Amino acid sequence: WFFLGEIFTDLPLPPDPPIANHCGHCRACLDVCPTGALLGPYQLDARRCIAYLTIEQSGPIPVELRPLIGNRIFGCDDCQLVCPWNRFARLTPEADFHRHRDRLGAPFLVSLFLWNEAGFSRHTEGSPIRRAGYWGWLRNLAVALGNGPADPAAIDALRGRIDTPQDWLREHIQWALDRLRNPG
């Protein structure tokens, strides 16, 4: 498992030596990536990565990638899950990196989609989910709902938000409604 981050400093730090190739002929991460974001060994097209699309990107998600996102509303990590080297990973003592540390558990997508902005802020306090922002959160949920079953509750929830002031979010909601009305 790894976490990408940056530290800005003016200290003269020596570069790390290159990491040895431990992958060999393994293609597990390349083959499992739902959107084909991993183009080849050590090559990532972040514009196709579900983590980027659902967390960092503001605005619309490309239409052709939405069905590939499935029900993921914040990141993916499929590449990390299939990496055989991760079976040697040790859990960090840093609580911010623990899986399932938030209070969200596994609620239904519809109930998450119905949160207002104050509820989003309250439920995600201290969580990295806030990086997506409220409108990005709703966008991600609209995509997930559009990729799910044509449940009347999902359709009603989407219809209830179709008048959102965000043009790009309204387009995602309409996309989801169209998929639910015309599956397959």
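Each chain carries its own residue numbering, running from 1 in the direction its sequence is written. Per-residue local features are limited, in this predicted model, to residues with pLDDT of at least 70; the limit for side-chain atom pairs, both in listing and counting, is 80 or more; totals at the level of whole chains, interfaces and linings are taken over all residues. Hydrogen atoms and water are omitted, and side-chain values are computed over all heavy atoms in the structure.

(A) Broad picture of the environment of Pro41. Mapping Pro41 onto the fold places it in the loop between β1 (38–40) and β2 (43–44). Sequence separation between Pro41 and Arg27 is 14 residues, and the spatial gap between their C-alpha atoms is 8.1 Å. Put simply, DSSP H or I for four residues or longer makes a helix, DSSP E for two residues or longer makes a strand, and each gets a number counted from the N terminus.

(B) Structural context of the state of the cysteines. Disulfides are defined as cysteine sulfur pairs within 2.5 Å. With the rule as written, the count across this model stands at 0 disulfides. Of the cysteine sulfurs around Cys23, a residue in no disulfide, the closest is that of Cys29, at 6.3 Å. Each residue's exposure class comes from its accessible area (1.4 Å probe, protein chains only) as a fraction of the maximum for that residue type: buried when under 20%, exposed when over 50%, partly exposed otherwise. Given the relative accessible area of 37%, Cys23 is considered partly exposed. Here Cys26 stays unpaired: no disulfide links it, and the sulfur of Cys29, its closest cysteine neighbor, is 6.5 Å away.

(C) Layout of the nonpolar core. Residues belong to a common nonpolar core when they are buried Ala, Val, Leu, Ile, Met, Phe, Trp, Tyr or Cys residues joined through side-chain atoms within 4.5 Å. The biggest cluster of nonpolar side chains holds 31 residues, and the ones touching the most others in it are Phe113, Trp137, Leu158 and Ile173. Only α2 (50–56), α5 (109–113), α7 (133–146), α8 (152–160) and α9 (167–181) provide two or more residues apiece to this core. Look past the residues within four positions of Leu158 in its chain and what remains in contact with it is Phe113, Ala142, Leu145, Ile173, Ala176, Leu177 and Leu180. Contacts were defined at the residue level, with two residues in contact if any of their heavy atoms lie within 4.5 Å.

(D) Here's a closer look at unusual backbone geometry. Positioned with a positive phi, Tyr42 is a non-glycine residue whose angle comes to about 65°. Phi at Asp77 is positive, roughly 70°, even though this residue is not glycine. Owing to a relative accessible area of 41%, Asp77 belongs among the partly exposed residues under this scheme.

Interpretation in functional terms is not warranted from these geometric data alone.
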